[in-house]
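# Coordinate analysis (summary)
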Amino acid sequence: MDESDRSNIGMKRANLDLNDEVGNLVMPGDEFSIPKDSSKVILGPGLRSVIDKRSNELKTIIACKAGLLRKAKPNTFFLEMKTRSYHSFKKDDVLGIIKQKSKGEHYSIDVACRELRAQLSKNAFEGATKRYRPDLQVGDCIYGKVMDFPKDYPLELTCVQPSGKACGLGSLNGGHIFHVPVHFVRALRTASPKDNLLQKIGRIVPCETAVGANGLVWVKASNAVLTILVAQLLQTLSKANPDEYGTYLNKFNSTVRTVV
Amino acid sequence: MKPKTIANCTRSLVKGGAKNGIRLGARGIHEFRTAKISFGNSVGSCEAVLLPGTRVFAQASAAIGEPSDSRPGEGAFTISVWVSPAATGEMVGSSEKPSAIARTLERMFKENRAVDLESLCIKFGELAWILRVDVHVIEMNGCLQDTAALAVLGALLTFQRPQAEIDVNTDELVVLPLAECTPVELHLFHLPAVMSFALCDEILLAEPCQEEEDILPGKLLVGINDSKELCHLHLTHPIEQELLLEATKLAQAQCLDRLNMLKGLVEEVKTQREVPIYKRPQGPRATGTVLSLSALETSSRNRSEKKPSIKYLSPLITASDINMLEELCIL
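Because the structure is predicted, anything quoted here is derived from the model rather than measured. (Residues numbered from 1 in each chain as written. Chains lettered and ligands numbered in written order. Predicted model: local features only at pLDDT ≥ 70, side-chain atom pairs only at ≥ 80, totals over all residues. Heavy atoms only, no water.)

Turning our attention to the overall build of chain B. When helices and strands are tallied, chain B shows 8 helices and 14 strands. Classification of the 331 residues of chain B by burial places 45% in the buried group. Residue pairs in contact within chain B that sit at least 24 positions apart in sequence constitute 73% of those at least 6 positions apart. Carbon and sulfur atoms make up 54% of the accessible area of chain B, which totals about 16,600 Å². (Helix = DSSP H or I, 4+ residues; strand = E, 2+ residues; numbered from the N terminus. Buried < 20%, exposed > 50% of the residue type's maximum accessible area, 1.4 Å probe, protein only. Contact = heavy atoms within 4.5 Å. Areas by Shrake-Rupley, 256 points an atom, 1.4 Å probe, with all protein chains shown as cover.)

Below, the structure written as structure tokens:
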């Protein structure tokens, strides 16, 4: 059967080329042929490599989510999808709230995900030793990194970078923590200064922010009113069309001027 | 999914903000939420939304059954509440929310006699309409009781039931289908609505969101009907008399606004739905199925056998049976 026919009647497509399909809609189960120099390809969220168990060779690349296929510069492919629930990946920066403080070596942490449990070692802070380590309470906010993601076990979080420095990770004081859809987090975390929403907001209201890949956002501005206004703005922007961001920001600017 | 644990920073922000007149949703302290009500295509289906993020769906239905022994001259009215686990993030059955909502709704609509149950009686002690409202919570962000009461009221106001009566000559139950008779609407004695408040050290917060509900300990539910009478009061903490009066006054104004909006919307739905009898299409009736004569005999025999032990009779099935009989006689 022809390729286009398969896609028309909703059958699974096979032998797609990764480079050709960039920007197109990919459905779960679609199979991609392996590029010739497969050592250089990096697969991101939504794509999975299937390895033949007998010969231990790469068989196919399969899409496990529905979304638009995107390419980042050095041969990195991933799916851009709209989702409200978080699926964990290694090295993700995650915001969490301490759920339980046990006598053992770990805090158990709520990362706003029903399937995932997470834990944070009490020693995983900058400069912490067995004697001197930060004493956190139930309900404190944590900005951590996913260190390990074992099957059937809780996520392992850490609050130090491999270099031994915190670099912004750790516990967060004051402010407000709230939830936005997970796909909106990407808009907040883009590096390009043209699209970066947080920079634009920062020009209007100077504030500290931490954005977790799990959809939690922490905001702290100079006072409570501004903190709440920024939180409200982000929550409305998460439901709005990207074209309307400018008008919302203008409105926000005028309201902030009346408050201050 | 939202996190279940409440962060300390949010807790202090809500508590400190309430004292200074600042709230999480950037609303004023006595500012109520915006309500949106929409009606479905079927009779008696209503969806109420309280922005931001509480959505409740209610569907009313009726079946013919036996009235209870203690009240033989009245129909029955049941409310069942389902809270979707997708809305709360809790497991099915582990939550106390459905029972809390059902309790409020039953006190508002059943114990305060909002629905005229006596008009639901068909034959004293034997046959009556059993009215049922199914409430589904689809999204949750606080104020579940308010939204659910609004949705139930909308469903009851737009509900229509077919005409049912006992034939005097044959002593048989006759149910006409909705398409062929003038549908009967429910009669409501009064229209109740609930407003909820969160209490923070003698400060009232109108219609709190989920975080405010979880963080602030006190909760006050005030039910007001369309003639400004207090019909439901539920509080978790003892409070001052002046505060209670203030809450009631606030709720009165808001309830009246909301009920007027609901009435206007219901009128719109009714005019859309109303088709006068003389405008209905001429010719043979489309409802009902034609069966062979043998099938007719068995069906009529079954009906006569079933009659004494009649318990739950779906109006539609009976209606089509009767249609079929009538059509065959005419032919």
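That was the structure; now back to the text.
Residues and elements named next belong to chain B. Inspection of the sheet shows strand 2 (residues 45-51) paired to strand 3 (residues 54-65) by 6 bridges, in the antiparallel sense. Bridge assignment links Ala 48 to a residue of strand 3, and that residue is Val 56. Where strand 3 and strand 6 (residues 127-139) come together, 11 bridges link them in antiparallel fashion. Bridge pairing in strand 6 places Val 56 opposite Val 137. (Pairing = 2+ DSSP bridges.)

What follows deals with the sheet that holds strand 15 (residues 207-211) of chain A. All names here are of chain A. Overall, antiparallel pairing links the 3 strands, which are arranged 14-16-15 in an open sheet. Lying at the two open borders of the sheet, with one neighbouring strand each, are strand 14 (176-179) and strand 15. Within the sheet, the average angular offset between the axes of one strand and its neighbour, ignoring direction, is 20 degrees. As paired elements, strand 15 and strand 16 (residues 216-221) share 5 bridges and run antiparallel to each other. Counterpart to Glu 208 in the pairing with strand 16 is Lys 220. (Axes fitted to C-alpha atoms, helices over the stretch in contact; angles between N-to-C directions.)

All names here are of chain A. Topologically, Ser 121 is positioned in strand 10 (residues 118-121). A residue is classified by how much of its surface remains accessible, and Ser 121, at 16% relative accessible area, is buried. Setting aside chain neighbours within four positions, we find Ser 121 in contact with Glu 105, His 106, Glu 156 and Leu 157.

Here we come to the sheet that holds strand 6 (residues 67-72) of chain A. Sheet strands pair by backbone hydrogen bonding; their relative direction is either parallel or antiparallel. Residues and elements named next belong to chain A. Read from one edge to the other, the open sheet built from 4 strands follows the order 1-6-7-3, with strand pairing classed as mixed. Where the open sheet ends on each side, the last strands, each with one partner, are strand 1 (25-26) and strand 3 (42-43). Inspection of the sheet shows strand 6 paired to strand 7 (residues 76-80) by 5 bridges, in the antiparallel sense. In the strand pairing of strand 7, Ala 72 is matched with Thr 76.

Side-chain pairs of opposite charge can arise whenever the charged atoms involved come near each other. Residues and elements named next belong to chain A. Scanning the model with the defined rule gives 21 salt bridges over all chains in all. Between Asp 30 and Arg 13 there is a salt bridge, and its shortest N-O distance comes to 2.9 Å. Here Asp 30 is found in the loop between strand 1 and strand 2 (31-32), whereas its partner Arg 13 is found in the loop between helix 1 (3-8) and strand 1, with 17 residues between them in sequence. The residues Asp 30 and Arg 13 share a single accessibility class, namely buried. Residues Arg 189 and Asp 93 are paired through a salt bridge, measuring 3.5 Å at the closest nitrogen-oxygen approach. (Salt bridge = Lys/Arg side-chain N within 4 Å of Asp/Glu carboxyl O.)

Over its 16 residues, helix 4 (residues 224-239) of chain A extends 23 Å from the first C-alpha to the last, a length consistent with the 22 Å expected when each residue adds 1.5 Å. Among the residues of helix 4 of chain A, those classed as buried are Leu226(A), Thr227(A), Ile228(A), Leu229(A), Val230(A), Ala231(A), Leu233(A), Leu234(A), Leu237(A) and Ser238(A). As for helix 4 of chain A, its buried residues are in contact with strand 14, helix 2 (182-189), helix 3 (197-204), strand 16 and helix 5 (245-259) of chain A together with helix 1 (8-19) of chain B. A side-chain oxygen of the first residue of helix 4 of chain A lies 3.3 Å from the backbone nitrogen of Val225(A); this N-cap is Asn223(A). (Expected span 1.5 Å × (residues − 1). Polar contact = N/O pair within 3.5 Å; in protein donor to acceptor, adjacent residues only side chain to side chain.)

On the surface, a cluster of positive charge is contributed by Lys99(A), Arg114(A), Arg117(A) and Lys4(B). Mapped onto the elements, Lys99(A) comes out in strand 8 (residues 93-101). Owing to a relative accessible area of 41%, Lys99(A) belongs among the partly exposed residues under this scheme. (Patch = residues over 30% accessible without salt bridge, like charges linked within 9 Å, V, L, I, M, F, W, Y side chains within 5 Å. Lys, Arg positive; Asp, Glu negative; His and termini not counted. Charge placed at Lys NZ, Arg CZ, Asp CG, Glu CD.)

Attention now goes to the layout of surface pockets. Residue and element names in this part refer to chain A. What the second largest pocket holds in volume is close to 800 Å³. Contributing elements (two or more residues each) for the lining of the second largest pocket: strand 7 and helix 2. Of all the elements, helix 2 adds the most residues to the lining of the second largest pocket, at 5 residues. In terms of residue class, the lining of the second largest pocket is made up of 11 nonpolar, 7 polar and 9 charged. Each of domain 1 (3-80) and domain 3 (177-259) gives at least three residues to the lining of the second largest pocket. (1 Å grid on protein atoms, 1.4 Å probe; cavity = no way out; pocket = protein on both sides within 12 Å on 5 of 7 lines; lining within 4 Å. Points joined across faces, edges and corners; volume = space filled by probe spheres on them. Nonpolar A, V, L, I, M, F, W, Y, C, P; charged D, E, K, R; others polar. Domains from an automatic or database assignment.)

Let us look at helix 6 (residues 241-273) of chain B. Here helix 6 of chain B is 33 residues long and its end C-alpha atoms lie 47 Å apart, about the 48 Å a rise of 1.5 Å per residue gives. Restricting attention to buried positions, one finds in helix 6 of chain B the residues Leu243(B), Ala247(B), Thr248(B), Ala251(B), Gln254(B), Cys255(B), Arg258(B), Leu259(B), Leu262(B), Val266(B), Val269(B) and Lys270(B).

Moving on: the interface of chain A and chain B. The interface is formed by 24 residues belonging to chain A together with 19 residues belonging to chain B. With both sides pooled, the region where chain A packs onto chain B buries about 1,800 Å², and carbon together with sulfur makes up 63% of that total. Of all residues in chain A, Arg114(A), His176(A) and Ile228(A) give up the largest surface area on contact with chain B, accounting jointly for 30% of the area buried on that side. At the surface where chain A touches chain B, the tally comes to 0 salt bridges. Across the chain A-chain B interface, the total number found is 6 residue pairs in polar contact (both at pLDDT 80 or more). (Buried area = accessible area lost by both parts, 1.4 Å probe.)

This paragraph deals with the packing of helix 3 of chain A against helix 5 of chain A. All names here are of chain A. At a closest axis distance of 10 Å, the pairing of helix 3 and helix 5 adopts a crossing angle of 20 degrees. Compared by their axis directions, helix 3 and helix 5 come out roughly parallel. Here helix 3 and helix 5 pass one another in a crossing that is right-handed. Within the contact between the two elements, helix 3 uses Leu 197, Lys 200, Ile 201 and Ile 204 and helix 5 uses Tyr 245, Leu 249, Phe 252, Asn 253 and Val 256. Counted by class, the contact of helix 3 with helix 5 contains 7 nonpolar, 1 polar and 1 charged residues. (Parallel < 35°, antiparallel > 145°, perpendicular 65-115°, else oblique. Left-handed = near helix turned anticlockwise from the far one by under 90°.)

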